[in-house]
Amino acid sequence: MTAPRTADEWQAHVTTEAALAMGRWLEARGRLDRPIASLTLRDLECMASNAISRFIVLSSERRTAAPDREERDALDQLLMG
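Residues numbered from 1 in each chain as written. Predicted model: local features only at pLDDT ≥ 70, side-chain atom pairs only at ≥ 80, totals over all residues. Heavy atoms only, no water.

**Let's talk about the confidence of the model for the protein**
Next, step 1: Per-residue confidence for the protein gives a mean pLDDT of 86, with 96% of residues at or over 70.
Next, step 2: Per-element confidence in the protein ranges from a low mean pLDDT of 87 for helix α1 (residues 7–28) to a high of 90 for helix α2 (residues 41–65). (pLDDT = per-residue confidence, 0-100. Helix = DSSP H or I, 4+ residues; strand = E, 2+ residues; numbered from the N terminus.)

What follows is the structure in structure tokens.
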């Protein structure tokens, strides 16, 4: 896939990547076919942590390559909390 150009394309890309991170975590633990209700709180926390970590990495990369100053500033605010 080519690099997302617009903010909307980037958001769609990040959402997909976060979902893939959660899926990879489930798959690595042999739980991909289990209903979500059967997962423990710890399972859900780990999935969320993986998704958030992926989001941070992608946001940092996007911040570096952001096409305009406004988007870079918005990502700075997001990443710095």
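**Some remarks on the pattern of salt bridges**
Next, step 1: Taken as a whole and judged by the stated rule, the model has five salt bridges.
Next, step 2: The residue Glu 17 makes a salt bridge to Arg 54 at a minimum N-O spacing of 3.0 Å. Taken together, the positions of Glu 17 in helix α1 and Arg 54 in helix α2 put the pair 37 residues apart, joining distant regions of the chain.
Next, step 3: Of the residues examined, Glu 17 reaches a relative accessible area of 15% and is grouped as buried.
Next, step 4: Given the relative accessible area of 26%, Arg 54 is considered partly exposed. (Salt bridge = Lys/Arg side-chain N within 4 Å of Asp/Glu carboxyl O. Buried < 20%, exposed > 50% of the residue type's maximum accessible area, 1.4 Å probe, protein only.)

**Observations regarding α2**
Next, step 1: Helix length check: α2 (25 residues) gives 36 Å between terminal C-alpha atoms against 36 Å at 1.5 Å per residue, within 8%.
Next, step 2: Taken as a whole, α2 has its buried residues at Asp 43, Cys 46, Met 47, Ala 51, Leu 58, Ser 59 and Arg 62.
Next, step 3: For α2, the secondary structure elements touched by its buried residues are α1 and α3 (69–80). (Expected span 1.5 Å × (residues − 1). Contact = heavy atoms within 4.5 Å.)

**Description of the nonpolar core**
Nonpolar side chains tend toward joint burial in soluble globular proteins.
Next, step 1: Formed by Trp 25, Leu 26, Leu 39, Cys 46 and Met 47, the largest nonpolar core amounts to five residues.
Next, step 2: Elements with a contribution of two residues or more to this core: α1 and α2.
Next, step 3: Apart from the residues within four sequence positions on either side, Trp 25 is in contact with Arg 31, Asp 43, Cys 46, Met 47 and Asn 50. (Core = buried A, V, L, I, M, F, W, Y, C linked by side-chain atoms within 4.5 Å.)

**Examining α1**
Next, step 1: Spanning 22 residues, α1 covers 31 Å between terminal C-alpha atoms, matching the ideal 32 Å at 1.5 Å per step.
Next, step 2: The inward-facing, buried residues of α1 abut α2 and α3.
Next, step 3: Backbone geometry just after α1 places Gly 30 at a positive phi near 65°.

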